[in-house]
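Structure assessment
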Amino acid sequence: MDSDFGIPRELSDLQKLRSQYQPELPPCLQGTTVRVEFGDATIAADPSGAHTISRSFPHTYGQPIAHFLRATAKVPDAQIIPSILQLENFGVTDEILATYKNQGGYDLLGRTKDQIRTTEQVNAALNACTALKLDALVIIGGVTSNTDAAQLAETFAERKCPTKVVGIPVTLNGDLKNQFVETNVGFDTICKVNSQLISNVCTDALSAEKYYYFIRLMGRKASHVALECTLQSHPNMVILAEEVAASKLTLFDITKQICDAVQARAEQDKYHGVILLPEGLIESIPEVFSLLQEIHGLLRQGVSADNISAQLSPWASALFEFLPPFIRKQLLLHPESDDSAQLSQIETEKLLAHLVEAEMNKRLKEGTYKGKKFNAICHFFGYQARGSLPSKFDCDYAYVLGHIAYHILAAGLNGYMATVTNLKNPVNKWKCGAAPVTAMMTVKRYGRGHGASTLGKPALHPATVDLKGKSYELLRQNAIKFLMDDVYRNPGPLQFDGPGADAKAVSLCVEDQDYMGRIKKLQEHLDKVRSIVKPGCSQDVLKAALSAMASVTDILSVMSSPSTGGTPF
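The following refers to the structure shown.

Parameters and conventions
- Residues numbered from 1 in each chain as written.
- Predicted model: local features only at pLDDT ≥ 70, side-chain atom pairs only at ≥ 80, totals over all residues.
- Heavy atoms only, no water.
- Helix = DSSP H or I, 4+ residues; strand = E, 2+ residues; numbered from the N terminus.
- Rg over C-alpha atoms; globule rule 2.2 N^0.38 Å.
- Buried < 20%, exposed > 50% of the residue type's maximum accessible area, 1.4 Å probe, protein only.
- Contact = heavy atoms within 4.5 Å.
- Areas by Shrake-Rupley, 256 points an atom, 1.4 Å probe, with all protein chains shown as cover.
- Phe/Tyr/Trp six-rings, centres within 6.5 Å; stacked < 30°, edge-to-face > 60°.
- Pairing = 2+ DSSP bridges.
- Axes fitted to C-alpha atoms, helices over the stretch in contact; angles between N-to-C directions.

**Re the overall build of the protein**
- When its secondary structure is counted, the protein shows 22 helices and 13 strands.
- Against the compact-globule benchmark of 25 Å for 569 residues, the protein has a radius of gyration of 26 Å, which places it among compact chains.
- Taking the principal axes of its C-alpha atoms as reference, the protein extends roughly 85 × 60 × 50 Å.
- Going through the 569 residues of the protein one by one, you find that 48% of them count as buried.
- For the protein, the share of sequence-separated contacts (at least 6 apart) that also reach a separation of at least 24 residues comes to 78%.
- Carbon and sulfur atoms provide 55% of the accessible area of the protein, an area that totals close to 28100 Å².

**So, the packing of aromatic side chains**
- Here the structure, examined in full by the defined rule, presents seven aromatic pairs.
- Where F214 meets F374, the ring centres are 6.3 Å apart and the plane angle is 85 degrees; that geometry is what we call edge-to-face. Of this pair, F214 sits in strand β6 (residues 212–217) while F374 sits in the loop between α16 (348–366) and β9 (376–381), and the two are 160 residues apart along the sequence.
- Its relative accessible area of 0% is what places F214 among the buried residues.
- The interplanar angle of 40 degrees and the centroid separation of 5.6 Å between the aromatic rings of F393 and Y397 together place this pair among those described as tilted. Of this pair, F393 and Y397 both sit in helix α18 (residues 392–410), separated by four residues, roughly a single helical turn.

**Here we look at the sheet that holds strand β7 (residues 237–238)**
- Read from one edge to the other, the open sheet built from four strands follows the order β7-β8-β6-β9, with strand pairing classed as parallel. A single partner strand is all that each edge strand has here, and the edge strands are β7 and β9.
- Relative to strand β8 (residues 273–278), β6 runs parallel, the two being bridged by six bridges. When the sheet's bridge partners are listed, F214 is paired in β8 with I275.
- Of the strands in this sheet, β6, β8 and β9 touch helix α7 (residues 187–208), which is tilted by about 170 degrees from β6.

Now the structure itself:
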């Protein structure tokens, strides 16, 4: 796709200052050499899909995790990798890169929704890498891009193509999360920029005291952006897609929930408020999702958008006609490649504002609501934030991931994703590694009518907000206070130095996510057991070890069996 690659840019004074910032590296990546230690072979995150994944990726499934350590670390059987970073044969000059350093890079690399899935697409990629004699292909993106990276790595290995493939977790949606990946490049920036915009709106709401602001946030199906922005800016309400899906809330339920909140605030003489909505909310509403499934099915059959209404089932037709004309038009848009709706184009905020206004007018007319007239203003925040100058955290994180990608390739690894854990701590405590993309894959079952079930292909799937996680628990603890007390918080614009510069996402800081660190700690315990329980140890030591290990293995076997759906983290 077209981009500004190769064109130096004119920078503002702030951009020039940011281009001079030197991101930090953790100690394990500093110096002229880096040591890599390989752990045990990995398994699938979902035991029930392990056979399907291993069969689909015979060359890249089961590879070990890798830890990158200081060259001076005492690690047996470790491999030394020289740290020689250089760009050559790509027409990249210092002059060009100087104008993009710490600027985000969207306009340098370009972005696309293209996928590498079909045989023709995979062959085209293989032929291009072969023709260019590429040593490596680094794919930057979210769950879709990294699923493609895994497929390319497998195909290249099968056909003995020397090009190695590495993935980098970059997506503003924050939904490429698993036991190896704590957060994604871009998520910190978009949440901070959005939070400032939301806080500005909160201030305006408190000033005018007569409007309810409905703000839809970009983030695809998961609600990570909406949750994080709520924890940073403290709006009055947020309706998470995961909550709606879990409770099977209908449009009527959501409308009533908002109206009840408006009425409760009116009883305290408050006629203003700010409500956040993730863009994926629309697909989490059961009846709307079913309607979309019918519409997409008809579109796949070649039925034109103008004729779809007449071919819907009776209940779907009734719902379709109930919706405002602007929403009907948006629901008729052709779905994305993954069969999801074009979420950024569906104005859920306007739909809910319309329904809430109608219900509040009804209550006013019936006398069950005695407050002032309800007034709404709607916004969609997405494109405004994702092109921002990156936060200090994202600059450091991307810089470290880039170095890790080099070391992955220098070690001759293929089909891996660069990973950093312990991210909530300062950079000098970050732990760097790499994990096979196949270890992050799951296999979903899809049903379509009459109980039919189709086994999907192995893929990375978007991680949704964990309703049992600490971030959500923090939201629930503060929900009533946020709703009624107007405790709006303004984190201000992105800071690159001084107070606030080192602030990190709340959802990152409250969770205990050091999975790779815990794996390493477990290995240390196992090594200690091996060092104690050796031929010549006492009978009592041997019996205690056997009893303890038998109990542990029994419990873990039950937890990790496919029938129990054991979770890896």
